[in-house]
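# Secondary and tertiary structure notes
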Amino acid sequence: MSKKNGLADPSRLKPFDSDDKQLLRVVIETPKGSRNKFAFDPDERIFELKKVLPAGMAFPYDFGFVPSTKADDGDPIDVLVLMDEPAFAGCVLSCRPIGVIEGEQGDKKDKERNDRIIAVEKDAHSWADIKTISDLGKEFCRELEEFFVNYHKLSGEQYCVLGLKGPDQARKLVKSGMR
């Protein structure tokens, strides 16, 4: 099958909303509540099952990526999206970045940055008053951090949270990762 006739490639979309440059476009890979971790394969142009989380562990919110970006780990920049209802794999959302969890992953010898942007879907009613990651509260942020630490433990990797930064740092991360 030729690439022209294949499935659409959401990884090639523009990273910022064309109407409001403050909004990020996010392609959802894994919906909130799913134990299945999906990832988009740009070569095959499919969403592929990457792993199944153990019973009792699920993605706390929708998880995806900013298209047309590349993070230090070689993948598109990751985004955890807060919204009222789960989306679905392949859904494209317009989101307000509220901050970033800065982190490193790997073992003691090989570590690489793997920051996660935290964003709010632009029309999410329950999250409308949240403007920065600090608005979520310390306990909520600690729970998000713990999810990523435990998620990486499943693969035998360590994830070390380096800090939390606000929406300006999230936008800088996207701009520096644009390709």
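Each remark here, short or long, concerns the structure printed above.
Scope of this entry: the structure provided in the associated data block. Computed from a predicted structure; not experimentally measured.

### Here's the deal with the pairing of strand β6 (residues 92-106)
- With 13 of 15 residues buried, β6 is to be regarded as a mostly interior element.
- In this structure, strand β1 (residues 24-30) lies alongside β6, joined through four bridges in antiparallel fashion. Paired with valine 26 across the two strands is leucine 93, which belongs to β6.
- Sheet topology note: the β6/strand β8 (residues 116-121) ladder contains six bridges and is antiparallel. The partner of valine 100 across the bridge, within β8, is isoleucine 117.
- Examined bridge by bridge, β6 and strand β9 (residues 158-165) share seven bridges and lie antiparallel to one another. Bridging across to β9, glycine 106 finds its partner in glutamine 158.

### Observations concerning the nonpolar core
- If you look at the biggest cluster of nonpolar residues, it comprises 42 residues, and the most contacted ones within it are Val81, Leu82, Leu93, Ile117, Ile118, Trp127 and Leu136.
- Put simply, the parts of the chain that give this core at least two residues each are β1, β5 (78-82), β6, β8, α1 (138-153) and α2 (167-177).
- It is α1 that contributes the most residues to this core, six residues altogether.
- When residues no more than four places from it in sequence are discounted, the contact partners of tryptophan 127 are Tyr61, Leu82, Met83, Asp84, Arg96, Val120, Leu136 and Phe140.

### Points about the environment of glutamate 146
- Counting through the fold element by element, glutamate 146 comes out in helix α1.
- Linking glutamate 146 and tyrosine 159, residues 13 residues apart in sequence, is a C-alpha distance of 9.3 Å.

### Some words on α1
- In this model α1 runs 22 Å from its N-terminal to its C-terminal C-alpha over 16 residues, within 8% of the 22 Å that 1.5 Å per residue would give.
- Every buried residue of α1 is listed here: Cys141, Leu144, Glu145, Phe147, Phe148, Val149, Tyr151 and His152.

### Observations concerning the layout of surface pockets
- Here the largest pocket defines a volume of roughly 540 Å³.
- In terms of lining, the largest pocket is formed by 26 residues, of which the most central are Lys37, Ala39, Asp73, Asp75 and Asp78.
- Looking at the lining of the largest pocket, the elements that each hand over two or more residues are β2 (36-41), β3 (46-52), β4 (62-65) and α1.
- No other element matches β2, which puts three residues into the lining of the largest pocket.
- Residue classes in the lining of the largest pocket are distributed as seven nonpolar, seven polar and twelve charged.

### Quick look at the side chain of glutamate 29
- Relative to the elements of secondary structure, glutamate 29 occurs in strand β1.
- Glutamate 29 gets classed as buried once you look at its relative accessible area, which sits at 7%.
- There is a polar contact of 2.7 Å between the side chain of glutamate 29 and the backbone nitrogen of phenylalanine 40.
- When near neighbours in sequence (up to four residues on either side) are disregarded, glutamate 29 contacts Lys37, Phe38, Ala39, Phe40, Phe47, Phe63, Gly64, Phe65 and Ala89.

### Concerning α2
- Of all the residues in α2, the buried ones are Pro167, Ala170, Arg171, Leu173, Val174 and Gly177. Seen end-on, α2 carries its buried residues on one side only, within an arc spanning 155°. Facing away from the buried side of α2 by more than 90 degrees, the exposed set consists of Asp168, Lys172, Lys175 and Ser176.
- Considering only its buried residues, α2 is in contact with β1, β6, β8 and β9.

### Details of the packing of aromatic side chains
- Within the structure shown, the criterion is met by eleven aromatic pairs.
- Look at tyrosine 61 and tryptophan 127: their rings are 5.8 Å apart centre to centre, the planes differ by 85°, and that puts the pair in the edge-to-face class. Of this pair, tyrosine 61 sits in the loop between β3 and β4 while tryptophan 127 sits in the loop between β8 and α1, and the two are 66 residues apart along the sequence.
- Relative accessible area serves as the criterion here: at 14%, tryptophan 127 is assigned to the buried category.
- Their ring planes at 40° and their centres at 5.9 Å tell us that tyrosine 61 and phenylalanine 140 sit as a pair that is tilted. On the criterion of sequence distance, the pair formed by tyrosine 61 in the loop between β3 and β4 and phenylalanine 140 in helix α1 is long-range, its members being 79 residues apart.
- When its relative accessible area of 13% is taken as the criterion, tyrosine 61 is described as buried.
- Among the aromatic side chains, those forming a connected cluster through ring pairs are Phe59, Phe63, Phe147, Phe148, Tyr151 and Tyr159.
- In this arrangement the basic side chain of lysine 51 is found over the ring face of tyrosine 151, its NZ or CZ atom lying 4.3 Å from the centre.

Calculation criteria
- Residues numbered from 1 in each chain as written.
- Predicted model: local features only at pLDDT ≥ 70, side-chain atom pairs only at ≥ 80, totals over all residues.
- Heavy atoms only, no water.
- Buried < 20%, exposed > 50% of the residue type's maximum accessible area, 1.4 Å probe, protein only.
- Helix = DSSP H or I, 4+ residues; strand = E, 2+ residues; numbered from the N terminus.
- Pairing = 2+ DSSP bridges.
- Core = buried A, V, L, I, M, F, W, Y, C linked by side-chain atoms within 4.5 Å.
- Contact = heavy atoms within 4.5 Å.
- Expected span 1.5 Å × (residues − 1).
- 1 Å grid on protein atoms, 1.4 Å probe; cavity = no way out; pocket = protein on both sides within 12 Å on 5 of 7 lines; lining within 4 Å.
- Points joined across faces, edges and corners; volume = space filled by probe spheres on them.
- Nonpolar A, V, L, I, M, F, W, Y, C, P; charged D, E, K, R; others polar.
- Polar contact = N/O pair within 3.5 Å; in protein donor to acceptor, adjacent residues only side chain to side chain.
- Arc of directions from axis to C-beta.
- Phe/Tyr/Trp six-rings, centres within 6.5 Å; stacked < 30°, edge-to-face > 60°.
- Lys NZ or Arg CZ within 6 Å of the ring centre and 35° of its normal.

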